[in-house]
Amino acid sequence: MLYFIYMRQLFLISSVIICTACLPSTHVIEEGTETGTGVKIEAPKHDSEAPEITETGSLLSTERLLETGVLEIGSSKAPHTLLIFTEHNCNYCRTFHKEQLPILISEFINSGELRIQISPFVLNKYANSKDLAQAAICASKQGKGLIMHNELFSESNRDLKSINSYAKEIELDEAEFEICMNNTGSGSTVSKMQDWAKSLGVKYVPTFFLDGEKFEGLQYYSDLRGRIEKVLED
């Protein structure tokens, strides 16, 4: 009798184990993975006015400051343009500038296929945001905009004292830089750039426009390259 009770319990335990193994597994799709449909699951990667926001160095390339205050990198005759609105306190903007921009310069800009335009976008939640934008413009006036962007993204101290030390470090004409920083005209340029950005519907950083097509947030570099290559093929 005990033998049959033991065999019955053993059978029930085995059945439970087998059935459990047949149940579909439950798992969490992590950011950056692909579903069975090929769609990537990705959390938004941008910065905005919202209070909660849940290194390669610069490569030398031809640069010029446009009348609008935008820094343009690459050949002015390049057939395609990638415009980026950025802010130096934004971690995703920093990732683009430090990791992706040097690759873009190497793959598409130096070949003359693409030019990049960089426009600071002021976020009022950062007290120093306008000063940083103005510093980038003032450095661009001396032909060192890209290097100044690199400095501003690299450092955690971004007050006026620190900004002046960066100007000295990258060997700007300090007197000229100081005049530019205190010039109301430079501040007016920043304000006009802000109005222009808002007229384009920019709310977040980074925001990109590839030949006018808008997309927001930090992209996987493979996706960004794919967008550019598609434009080059058309």
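Source: prediction; values computed, not measured.

Criteria and cut-off values
Counting from 1, residues in each chain are numbered in the order their sequence is written. Local features in this predicted model are restricted to residues whose pLDDT is 70 or higher, and side-chain atom pairs enter the listing and the counts only when it is 80 or higher, whereas totals over whole chains, interfaces and linings include all residues. Excluded from the side-chain calculations are hydrogens and water; all other atoms, namely the structure's heavy atoms, are used. Each helix is a run of DSSP H or I of at least 4 residues and each strand a run of E of at least 2, with the numbering of both proceeding from the N terminus. We call a residue buried when its accessible area falls under 20% of the maximum for its residue type, exposed when it is over 50%, and partly exposed in between, using a 1.4 Å probe and counting protein chains only. For the area figures, the Shrake-Rupley method with a 1.4 Å probe applies, and any residue is considered shielded solely by the protein chains shown. Salt bridge criterion: a side-chain nitrogen from Lys or Arg within 4 Å of a carboxyl oxygen from Asp or Glu. Centre distance within 6.5 Å is the pairing criterion for rings of Phe, Tyr and Trp, where only the six-membered ring of Trp is used; planes under 30 degrees apart are then read as stacked, over 60 as edge-to-face, and the remainder as tilted. By definition, being over a ring means that NZ of Lys or CZ of Arg is both within 6 Å of the ring centre and within 35 degrees of the ring normal. Here, a disulfide means two cysteine sulfur atoms that sit within 2.5 Å of each other. Strand pairing requires that DSSP identify at least two bridges connecting the strands. A crossover gets the label right-handed when its path from the first strand over the helix to the second runs clockwise, viewed with the strands pointing away from the viewer.

## Examining the overall build of the protein
Phase 1: Within the protein one finds eight helices and six strands.
Phase 2: The burial tally for the protein puts 41% of its 234 residues in the buried class.
Phase 3: Surface accessibility of the protein: about 13,300 Å² in total, with carbon and sulfur atoms responsible for 55%.

## What about the pattern of salt bridges?
Phase 1: By the definition in use, this model includes six salt bridges.
Phase 2: Between Arg-115 and Glu-72 there is a salt bridge, with the nearest N and O atoms lying 3.3 Å from each other. Taken together, the residues Arg-115 in strand β4 (residues 114-120) and Glu-72 in strand β2 (residues 71-73) connect sequence positions 43 residues apart.
Phase 3: Put simply, Arg-64, Glu-72 and Arg-115 are held in one network by salt bridges that share partners.

## Topic: the packing of aromatic side chains
Phase 1: This structure, assessed with the given rule, holds four aromatic pairs.
Phase 2: Taken together, a centroid distance of 6.0 Å and an interplanar angle of 80° make the contact between Phe-85 and Phe-209 edge-to-face. With Phe-85 in strand β3 (residues 80-86) and Phe-209 in strand β5 (residues 207-210), this pair connects stretches of sequence that are 124 residues apart. The burial state of Phe-85 is the same as that of Phe-209; both residues are buried.
Phase 3: Ring pairs connect the aromatic residues Phe-85, Trp-196 and Phe-209, which therefore count as one cluster.
Phase 4: Seen from the ring of Phe-215, Arg-227 lies directly overhead, with NZ or CZ sitting 4.0 Å from the centre.

## What to know about the state of the cysteines
Each disulfide consists of a covalent bond between the sulfur atoms of two cysteine residues.
Phase 1: Tallied over the full model, the rule gives one disulfide.
Phase 2: Bridging Cys-138 to Cys-180, the disulfide has an S-S length of 2.1 Å. Between Cys-138 and Cys-180, the S-S dihedral sits near -85°, and the bridge is therefore left-handed. You can see Cys-138 sitting in helix α3 (residues 129-140) and its partner Cys-180 sitting in helix α6 (residues 174-182), a full 42 residues away along the chain.

## A short note on the pairing of β3
Phase 1: Burial of β3 is extensive: seven of the seven residues sit out of reach of the surface.
Phase 2: On β3, burial covers both faces: His-80, Leu-82, Ile-84 and Thr-86 on one face and Thr-81, Leu-83 and Phe-85 on the other are all buried.
Phase 3: Sheet analysis places β3 next to β4, joined by seven bridges and oriented parallel. Note that in β4 the partner of Phe-85 across the bridge is Ser-119.
Phase 4: In this fold, the crossover linking β3 to β4 by way of helix α2 (residues 91-109) has right-handed handedness.
Phase 5: One ladder, built from four bridges, connects β3 with β5; its direction is antiparallel. Bridging across to β5, Phe-85 finds its partner in Thr-207.

## Here we look at the environment of Gly-212
Phase 1: Structurally, the position occupied by Gly-212 is in the loop between β5 and β6 (213-216).
Phase 2: Residue classification places Gly-212 among the exposed residues on the basis of a relative accessible area of 58%.
Phase 3: For the pair Gly-212 and Thr-81, spaced 131 residues apart in sequence, the C-alpha separation works out to 8.3 Å.

## Regarding the pairing of β4
Along any regular strand, the residues point their side chains to alternate faces of the sheet.
Phase 1: Among the seven residues of β4, seven are classified as buried, and the element is accordingly described as predominantly covered.
Phase 2: On β4, burial covers both faces: Leu-114, Ile-116, Ile-118 and Pro-120 on one face and Arg-115, Gln-117 and Ser-119 on the other are all buried.
Phase 3: By the bridge criterion, three bridges tie β2 to β4 in an arrangement that is antiparallel. By the bridge assignment, Ile-73 is partnered in β4 with Ile-116.

Just distances and angles here, no functional claims.
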